[in-house]
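Listed here are the chains, written in short residue letters.
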Amino acid sequence: PVCEESIAEPPEREGVFVNARGRAQRIRRALSPLGEARPEWTVWKELLGRSGSPSLYRDEAEVFARVAAEVPAFRGQSHAALGSAGAALPSLAAAR
């Protein structure tokens, strides 16, 4: 098999989601992953490395920074600035 990795379930990982009101919110790990499970972005990182591609990201904040650079709705946002309250994404909130 190409990959036999176990992916961590949502309560076992960090991340960002956008709610129905266009607000980006951070989620934090609530449980420790079982066994050797890990966040899916780290599995993708390893697979890209196996194929000879350079490793681009060290953590979730770097992944978010890339999204903020590439996706207009996230421009001007940072992983750290989301904090516990999140942040409104004006272009998404206006589209409601």
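Everything below is about the structure printed above this text.
Quick caveat: nothing in here was measured; it's all calculated off a predicted structure.

Observations concerning the overall build of the chain
Looking only at helices and strands, the chain features 4 helices and 3 strands. Across the chain, helices and strands are ordered from the amino to the carboxyl terminus as β-β-α-α-α-β-α. Expressed along its principal axes, the backbone C-alpha trace of the chain runs to roughly 45 × 30 × 20 Å. Intrachain contacts of the chain at a sequence separation of at least 6 include 46% that bridge at least 24 residues. Counting only carbon and sulfur atoms, one obtains 56% of the accessible surface of the chain, whose full area is about 6,500 Å². Between the averaged position of the 13 positive side-chain charges in the chain and that of its 12 negative side-chain charges there is a distance of 10 Å.

Section: the pairing of strand S1 (residues 15-18)
Consecutive side chains along a regular strand alternate between the two faces of the sheet. The sheet contact formed by S1 and strand S2 (residues 23-27) spans 4 bridges and is antiparallel. Within the sheet, the bridge partner assigned to Val-18 lies in S2 and is Ala-24. Between the antiparallel neighbours S1 and S2 lie 4 residues, among them Gly-22 with a positive phi of about 75°.

Topic: the pairing of S2
Summarising the sheet, S2 and strand S3 (residues 87-88) pair through 2 bridges and their orientation is antiparallel. Paired with Arg-23 across the strands is Ala-88, a residue of S3.

Focus on the sheet that holds S2
As summarised here, the arrangement of the 3 strands in space is S1-S2-S3, forming an open sheet in which the pairing is antiparallel. The open sheet is flanked by S1 and S3, the only strands paired with a single partner.

Looking at helix H1 (residues 40-50)
Every buried residue of H1 is accounted for by Trp-41, Thr-42 and Val-43. Phi turns positive one or two residues past the end of H1, at Gly-52, with a value near 95°.

Things to note about the pattern of salt bridges
Per the counting criterion, the structure on display carries 5 salt bridges. Note that Arg-38 is salt-bridged to Glu-46, the shortest N-O span being 2.5 Å. Here the residues in one salt-bridge network are Arg-38, Glu-46 and Arg-50, joined through shared partners.

A short note on the side chain of Glu-12
In this structure, Glu-12 sits in the segment before S1. It is Arg-13 that comes nearest to the buried, bridge-free Glu-12 among opposite-charge side chains, at 7.0 Å. Here Glu-12 is in contact with Arg-29, Leu-31, Ser-32, Pro-33 and Leu-34, once residues within four sequence places are set aside.

Parameters and conventions
Residues numbered from 1 in each chain as written. Predicted model: local features only at pLDDT ≥ 70, side-chain atom pairs only at ≥ 80, totals over all residues. Heavy atoms only, no water. Helix = DSSP H or I, 4+ residues; strand = E, 2+ residues; numbered from the N terminus. Contact = heavy atoms within 4.5 Å. Areas by Shrake-Rupley, 256 points an atom, 1.4 Å probe, with all protein chains shown as cover. Lys, Arg positive; Asp, Glu negative; His and termini not counted. Charge placed at Lys NZ, Arg CZ, Asp CG, Glu CD. Pairing = 2+ DSSP bridges. Buried < 20%, exposed > 50% of the residue type's maximum accessible area, 1.4 Å probe, protein only. Salt bridge = Lys/Arg side-chain N within 4 Å of Asp/Glu carboxyl O.

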